[in-house]
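# Secondary and tertiary structure notes
Each chain, letter by letter, is given below.
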Amino acid sequence: MNYGIIKRTLGWLLLFETVFFCVPVVTALVYREQEVYHFLFTMLGTAALGGLCLIGKPKSDKIFAKEGMVITAASWIFLSLFGAIPLYTSRCYPTYIDALFETVSGFTTTGASVLASDVVAALPKCILIWRTFTHWIGGMGVLVFIMVFLPLCGGGRNINIMKAESPGPSVGKLLPKMRSTARVLYLIYASLTALQFILLVFDMPVFDAINAVFATAGTGGFSIKADGFAGYSTYTQIVVTVFMALFSINFASYFFILRGKFKEAFSTEVRVFLTIVVSAITLITIDLCITDVMSIGGAIKHSAFSVSSIISTTGFTTENFDTWPSFSKTILVLCMFIGACAGSTGGGIKVSRLVIAGKGVHHETQRLLHPKRIKKITLDGKVVEHEVVRGVNNFLIAFISIFVLSLLLISLDGKDLITNFTAVAATINNVGPGLGVVSPAGHFGGFSILSKIVFIFDMLIGRLEIFPMLLLFAPATWRK
């Protein structure tokens, strides 16, 4: 294990987090809020500790797969531990665990909160913008962000970091160098963010638009209003609906569109994702109309917003879908697990994994029918390597195992099964709201400390694709 490069990377991470704190500091100064001191004191701590970590040069700057996963998991934990300090010291959150839950929820783009919506709406503006800004930073990945400015390692091994932090069953290069790939991804990310801001600022206050854009781009879901997005105009809701879907699509697709490679842009994963979105909206609209919950116009608007929000794992709401018919709620819960495309800012299992798993089942069926027939699993005309298929299967097994264990642990709180099941689903898939106690009208504040720690772990597990976090608990990881 290359401890020197791990320490050095964590040092750069803390220095970058110091810079990130400038966003709430400037906000506090503009609105003359006393909470600015809590961010300034934390900035001093992260800057000092980050500087200490950078003292001394590591013997080797190479990062292999194991180091890449450890660095990624440790970075997100450190980022959250320090990011929670001003939330707690400002007394906006009752305990440090609550502040940590909120910060992890922000960086992992989950959007689950321990505070009631009316309490959130009354928070200082610097706290509100810090919550949503963590979404934007965590959406594309903090280490990928740092990679845009710094070469974290030598020998072209930056891909081991990107593989560990970027969502999806496989990660490749768009350009020959990983730093160039990271820059292209963040340029697309920033461009979409700016475009959405321009479209929103015409119809809502600047501060509201900034927070909405940060949360939408990261598919996070923290809202600054007690009623979520219900109080905004239909125009704003439509813009947010569209951009939640756009940020759910693999960013490589936008790169291919810019290059004129439309066949590669509209891959099987993208087509399946769009098909699922349209099908879910259609079915929920029909269900809401048949059960007389709302008119067809309202059903289309609210079902489109909710489906786009849930499958992108953003978590914004215009309606409390916990009051909808069971059929509609079931579709939304299924969308929680499906999630967005690989290489996007969304969470969930990912459409590409489900496509590969489905092809694997079909392949096994054909193999049983024709034992002597030799045929490979293909996707978009390319052979899916056995390593990728094995990785998908292992991911699904680990996902189910952790889900069951988490469900058993939080059931000790004595809450109903629907609440427990959807609470775990909402955190491990980085969605935010669930059903029952954790519906859009509720929050996670009523759970015990043990359950909140489980949820924190689940949110990190979901964002980092399970294995980087599990590697921290393997004794062999820390042996030289």
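Residues numbered from 1 in each chain as written. Predicted model: local features only at pLDDT ≥ 70, side-chain atom pairs only at ≥ 80, totals over all residues. Heavy atoms only, no water.

Glancing now at the nonpolar core. Nonpolar side chains in soluble globular proteins tend to be buried together. The biggest cluster of nonpolar side chains holds 140 residues, and the ones touching the most others in it are Tyr93, Trp136, Val142, Phe251 and Phe444. Beyond its immediate stretch of four places on either side in the chain, Trp136 contacts Phe145, Tyr186, Tyr189, Ala190, Thr193, Phe214 and Ala217. (Core = buried A, V, L, I, M, F, W, Y, C linked by side-chain atoms within 4.5 Å. Buried < 20%, exposed > 50% of the residue type's maximum accessible area, 1.4 Å probe, protein only. Contact = heavy atoms within 4.5 Å.)

A few words on unusual backbone geometry. A negative phi angle characterises most non-glycine residues, just as the trans form characterises most peptide bonds. For Arg32, which is not glycine, the phi dihedral falls at a positive 55°. With respect to the secondary-structure elements, Arg32 resides in the loop between helix H2 (22-31) and helix H3 (36-53). The backbone of Arg91 shows a phi angle near 65°, a positive value even though the residue is not glycine. Position of Arg91 relative to the elements: it lies in the loop between helix H5 (85-89) and helix H6 (96-107). (Helix = DSSP H or I, 4+ residues; strand = E, 2+ residues; numbered from the N terminus.)

Tallied over the full model, the rule gives 37 aromatic pairs. Judged by centre distance (6.5 Å) and plane angle (25°), the ring pair of Phe399 and Phe403 falls under stacked. Here Phe399 and its partner Phe403 are both found in helix H20 (residues 386-410), four residues apart, which amounts to about one turn of the helix. Exposure remark for Phe399: the relative accessible area of 6% places this residue in the buried category. By relative accessible area, Phe403 is classed as buried at 8%. Connected via pairs of aromatic rings, a cluster forms that spans Phe16, Phe20, Phe133, Trp136, Tyr186, Tyr189, Phe214, Phe243, Phe247, Phe251 and Tyr254. (Phe/Tyr/Trp six-rings, centres within 6.5 Å; stacked < 30°, edge-to-face > 60°.)

One way to put it is that H6 packs onto helix H22 (residues 449-463) with a least axis distance of 10 Å and a crossing angle of 20°. Judged by the angle between their axes, H6 and H22 are roughly parallel. When the axes of H6 and H22 are compared, the crossing they make is left-handed. Facing Ile97, Asp98, Leu100, Phe101, Val104 and Ser105 of H6, the residues of H22 in contact are Ile449, Lys452, Ile453, Phe455, Ile456, Met459 and Leu460. Among the residues making up the contact of H6 with H22, the classes are represented as 10 nonpolar, one polar and two charged. (Axes fitted to C-alpha atoms, helices over the stretch in contact; angles between N-to-C directions. Parallel < 35°, antiparallel > 145°, perpendicular 65-115°, else oblique. Left-handed = near helix turned anticlockwise from the far one by under 90°. Nonpolar A, V, L, I, M, F, W, Y, C, P; charged D, E, K, R; others polar.)

We now examine the packing of H2 against helix H8 (residues 125-140). Where H2 meets H8, the closest approach of the two axes is 8 Å, and the angle between their N-to-C directions is 155°. If you check the angle between H2 and H8, you find them roughly antiparallel. Remark: the crossing between H2 and H8 carries right-handed chirality. Contact with H2, carried on its side by Val23, Pro24, Thr27, Ala28 and Tyr31, involves Lys125, Cys126, Ile129, Trp130 and Phe133 of H8 and no other residues of that element.

A cluster of nonpolar side chains, contributed by Tyr37, Leu40, Phe41 and Leu44, occupies part of the molecular surface with about 450 Å² of accessible area. Relative to the elements of secondary structure, Leu44 occurs in helix H3. (Patch = residues over 30% accessible without salt bridge, like charges linked within 9 Å, V, L, I, M, F, W, Y side chains within 5 Å. Areas by Shrake-Rupley, 256 points an atom, 1.4 Å probe, with all protein chains shown as cover. Salt bridge = Lys/Arg side-chain N within 4 Å of Asp/Glu carboxyl O.)

You can see Ser451 is positioned in helix H22. C-alpha separation for the pair Ser451 and Phe247, spaced 204 residues apart in sequence, amounts to 30 Å. Contact partners of Ser451, with chain neighbours within four places excluded, come to Ile410 and Asp413.

Shape descriptors only; they carry no functional weight alone.
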